[in-house]
Amino acid sequence: MLQIPSCRAKLDLLSCPAMQSRSELVTAPAPAVSDQIAIEKLEMRTVRLPLNEPFETSFGAIDSRLIFLVRVEAGGLSGWSEVVAAEEPRYSYETVGTAWHVIRDYLAPAMLSAPVADLKNLAERFASFRGHNMAKAGLELACMDLCARIRGQSVSQLIGGVRERMAVGVSLGIQPSLDQLLERVDKYLALGYQRIKLKIKPGWDIDIVREVRRRHKEILLSVDANCAYTLADENHLRALDDFDLLMIEQPFDHDDLVDHAKLQSRINTPICLDESITGVKRAEQGLEMGSCRIINIKIGRVGGYSQALAIHDLCYSKEVPVWCGGMLESGIGRAHNIALASLPGFSLPGDISASSRYFAKDVIVPEVAVAADGTVERPKRPGLGFEVDLDYINYKTISIEQVEGPKK
Ligand code: OSB
Ligand code: MG
C-alpha cells in the first residue's frame with residue numbers, strides 16, 4: 001500500500017533494526033504506569049516563552065507560546081508534562097483556558113480520587129469526559145514521567161522505546177517572501193535536519209514548493225496545509241504530485257476522513273493526517289477508508305500515551321509509517337515527544353527541532369540539541385531524562401494553581 005517516492009528511497013522506512021522487535025511489541029501488554037501510585041498533588045502553571053521568530057500557518061501567526069506545565073507529586077518525587085493547547089481555538093477547539101478548567105474541575109479530581117494502577121486505569125477514569133484530549137494527555141504524561149522516575153527508568157524505556165537516536169525534520173512557517181523561505185531552508189539543511197516541511201495555504205503553495213524542489217532535488221520535502229483546502233481544490237493540489245513530496249499533511253477539514261479518501265485515490269503523493277486523527281478509532285477508520293497512507297502522531301491531540309501507543313501499534317501492524325508531530329512545545333513537551341519517537345514504528349523524521357530553533361532559553365537542562373546528522377539522542381536518565389529548570393520556570397510563571405487529593 002505504501003508508495004515510496006524516489007526522494008525517500010534512501011529512507012529505510014520499515015527495515016531499520018528496531019523494526020525487528022516488531023512482533024513482540026505488537027503483542028506486548030500495554031505498559032503499566034506502576035504498581036499503584038497514589039498521587040498526592042497536581043500543580044498547573046503557565047509560563048510565556050517568546051518565540052525566536054514568529055510562526056505562521058494557514059490558521060494564523062504567533063510570536064510567543066503560553067506554555068501550560070503540569071507537575072504531579074508522590075512520595076517526594078515529581079512528574080512533569082506539558083498541555084500543548086494553544087491560547088486560541090484554531091488548530092483545535094482546546095485552549096489553555098479550557099484545559100485549565102477541565103483539568104482542575106474534572107480530570108484532576110478523577111486522578112487524585114484513588115491510586116493509579118496503570119495507564120489503562122487512568123485512561124478509563126477519563127473516558128467518561130468527552131473530548132479534551134490535550135487536557136487528558138497532560139495528566140497521563142505527567143503520571144508516566146513520575147512512574148518512570150519511581151522505577152529509575154526513562155519514559156522511553158517504560159513505553160517500549162528502542163531507538164537510541166531519532167531522525168528529525170523542521171517545520172517552516174509561512175514566510176513574508178520566497179527569498180526568506182529559501183534562506184530558512186538552506187539554514188536548516190546546513191544544520192543537518194533530515195526533512196523540510198513547508199506550511200502551505202492557497203496563494204503560498206505550488207510556486208514556493210517548485211522553487212524549493214528546484215534548488216534541492218534530493219531532500220525529503222513535505223507540505224502541511226492545516227486544513228486550508230477543500231475538495232474543490234483537487235486539481236490545484238494534484239499539481240503537487242510533480243514535486244516528489246514525502247507527503248501532503250492535512251489538506252482538508254480538521255475532522256474529515258471522507259474527502260481525504262477521495263483525494264488520496266486520485267493523487268500519487270501520500271496524504272498524512274494530523275488534525276483528523278484524534279484517537280485509535282479514527283486511525284482505524286482513516287486507514288480502512290484509504291484517507292491517508294501516513295499518520296502524524298501528536299500525544300496531546302490523541303489524549304496521551306495510551307492512545308498514541310495504540311495508534312503506533314495499529315500502524316506498525318499494517319506497515320503504515322508514523323512520525324512524531326510537534327506543537328511548538330517547551331523542552332518538557334518535547335522530551336515526551338522524543339520518548340514517543342523512540343518507538344520502532346516511528347520510521348519518518350519527526351517535527352522535533354532543537355530548543356534553540358524555538359526559544360532563546362528553554363525550561364530544561366540540557367536543552368534539546370540536534371546533531372549534525374539530523375538526529376536527537378534518547379536521554380538515558382530516569383523520567384524525561386532532562387533536568388527541569390525550576391528556577392527559570394518560577395521566574396517565568398504567570399499563573400499557578402494546585403489541586404490536592406482528598407484528605408485521608
Ligand atoms: O500542524 O504540525 C502542525 C505547530 C503548531 C500547531 C500545528 C502544527 C505545528 C507545526 C510545528 O507544524 C511543529 C513543531 O516544530 O513543533
Ligand atoms: Mg500538521
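Right above here is the structure, for reference.
Computed from a prediction, not measured in an experiment: that's the story for all the values here.

A short note on the overall build of the chain
At step 1: Helix and strand counts for the chain stand at 15 helices and 15 strands.
At step 2: For 408 residues, the compact-globule estimate of 2.2 N^0.38 gives 22 Å, and the C-alpha radius of gyration of the chain, at 20 Å, lies within 12% of that figure.
At step 3: Judged by the C-alpha coordinates and their principal axes, the chain covers about 65 × 45 × 40 Å.
At step 4: Counting all 408 residues of the chain, 59% fall into the buried class.
At step 5: For the chain, the exposed surface amounts to about 15,900 Å²; the carbon and sulfur share of it is 51%.
At step 6: For the chain, the distance from the average site of its 47 positive side-chain charges to the average site of its 54 negative ones is 1 Å.

A closer look at the packing of aromatic side chains
At step 1: One pass over the structure, following the stated rule, counts six aromatic pairs.
At step 2: Ring geometry for Phe59 versus Tyr91: centroids 6.4 Å apart, planes at 55°, classification tilted. Of the two residues, Phe59 sits in the loop between strand E1 (41-57) and strand E2 (60-74) while Tyr91 sits in the loop between strand E3 (77-83) and helix H2 (96-112), which places them 32 residues apart along the sequence.
At step 3: Between Phe68 and Trp100, the ring centres sit 5.2 Å apart and the planes meet at 45°, which makes this aromatic pair tilted. Of this pair, Phe68 sits in strand E2 while Trp100 sits in helix H2; the two residues are 32 residues apart in sequence, bridging distant segments of the chain.
At step 4: Positioned above the aromatic ring of Trp323, the side-chain terminus of Arg195 is 5.3 Å from the ring centre.
At step 5: It is Arg357 that lies over the ring of Tyr358; its NZ or CZ is 5.2 Å from the centre.

Some remarks on the site of ligand 1
At step 1: Near ligand 1 you find 15 residues, and of these Ser171, Lys199, Asn226, Leu328 and Tyr358 are the closest.
At step 2: The separation between an oxygen atom of ligand 1 and a polar side-chain atom of Asp224 is 3.0 Å.
At step 3: Asn226 has a polar side-chain atom sitting 2.8 Å from an oxygen atom of ligand 1.
At step 4: Protein contacts shield 97% of the accessible area of ligand 1, which totals 390 Å² for the unbound molecule.
At step 5: Looking at the shell around ligand 1 residue by residue, the class counts come to five nonpolar, three polar and seven charged.

Some details on the coordination of the magnesium ion (ligand 2)
At step 1: Taken together, Asp224 (OD), Glu249 (OE) and Asp274 (OD) make up the full set of protein donors to the magnesium ion (ligand 2), lying 2.1 to 2.3 Å away.
At step 2: Taken in chain order, the donor set of the magnesium ion (ligand 2) reads D-x24-E-x24-D. In this pair, Glu249 is assigned in strand E8 (residues 247-249) and Asp274 in the loop between strand E9 (271-273) and helix H10 (280-289), connecting sequence segments 25 residues apart. The exposure classification of Glu249 matches that of Asp274, with both residues buried.

Notes on the environment of Ala308
At step 1: In this fold, Ala308 is placed in helix H12 (residues 305-317).
At step 2: Residue Ala308 is classed as buried on the basis of its relative accessible area of 0%.
At step 3: In this structure the C-alpha to C-alpha distance between Ala308 and Thr278, which are 30 residues apart in sequence, comes to 9.6 Å.
At step 4: Discounting chain neighbours no more than four positions away, the residues touching Ala308 are Ile297, Ile299, Val302 and Leu340.

A word on the side chain of Ser342
At step 1: Checked against the element boundaries, Ser342 lands in the loop between helix H13 (331-341) and helix H14 (355-358).
At step 2: Ignoring any residue separated from it by four or fewer positions in sequence, one finds Ser342 in contact with Ser156, Gly161, Val162, Arg163, Met166 and Arg378.

Brief notes about unusual backbone geometry
At step 1: The amide bond that connects Val365 to the next residue, Pro366, takes the cis arrangement and shows omega of -10°.
At step 2: One non-glycine residue, Asp244, adopts positive backbone phi at about 55°.

Let's talk about the sheet that holds E8
Through backbone hydrogen bonds, the strands of a sheet pair up, either in parallel or in antiparallel fashion.
At step 1: Strand order in the open sheet formed by seven strands is E5-E6-E7-E8-E9-E10-E11, and the pairing between neighbours is parallel. A strand with exactly one partner marks an edge of an open sheet, and here the two such strands are strand E5 (170-172) and strand E11 (322-324). Shown here is a sheet whose adjacent strand axes are inclined to one another by a mean of 25°, direction ignored.
At step 2: With two bridges joining them, E9 and strand E10 (residues 294-297) adopt parallel strand pairing.

Considerations on the nonpolar core
At step 1: Membership of the largest hydrophobic core comes to 125 residues, with the highest contact counts inside it found for Met111, Leu198 and Tyr305.
At step 2: Of the residues forming this core, the biggest block, eleven residues, is contributed by helix H4 (residues 133-151).
At step 3: Those residues in contact with Leu198 that sit more than four places away from it in its chain are Leu172, Leu181, Val185, Ile208, Val209, Val212, Leu221, Ser222, Val223 and Asp224.

What about the side chain of Ser353?
At step 1: Looking at where Ser353 falls in the secondary structure, it is placed in the loop between H13 and H14.
At step 2: Polar side-chain contacts of Ser353 include one of 3.4 Å to the backbone oxygen of Gly169.
At step 3: Ignoring sequence-local partners within four residues, the contact set of Ser353 consists of Gly169, Val170, Tyr193, Arg334, Tyr358, Val368 and Val370.

Rules behind the numbers
- Residues numbered from 1 in each chain as written.
- Chains lettered and ligands numbered in written order.
- Predicted model: local features only at pLDDT ≥ 70, side-chain atom pairs only at ≥ 80, totals over all residues.
- Heavy atoms only, no water.
- Helix = DSSP H or I, 4+ residues; strand = E, 2+ residues; numbered from the N terminus.
- Rg over C-alpha atoms; globule rule 2.2 N^0.38 Å.
- Buried < 20%, exposed > 50% of the residue type's maximum accessible area, 1.4 Å probe, protein only.
- Areas by Shrake-Rupley, 256 points an atom, 1.4 Å probe, with all protein chains shown as cover.
- Lys, Arg positive; Asp, Glu negative; His and termini not counted.
- Charge placed at Lys NZ, Arg CZ, Asp CG, Glu CD.
- Phe/Tyr/Trp six-rings, centres within 6.5 Å; stacked < 30°, edge-to-face > 60°.
- Lys NZ or Arg CZ within 6 Å of the ring centre and 35° of its normal.
- Near = heavy atom within 4 Å.
- Polar contact = N/O pair within 3.5 Å; in protein donor to acceptor, adjacent residues only side chain to side chain.
- Nonpolar A, V, L, I, M, F, W, Y, C, P; charged D, E, K, R; others polar.
- Donors = N, O, S within 2.8 Å, 3.2 Å for Na, K, Ca; no water.
- Contact = heavy atoms within 4.5 Å.
- Pairing = 2+ DSSP bridges.
- Axes fitted to C-alpha atoms, helices over the stretch in contact; angles between N-to-C directions.
- Core = buried A, V, L, I, M, F, W, Y, C linked by side-chain atoms within 4.5 Å.

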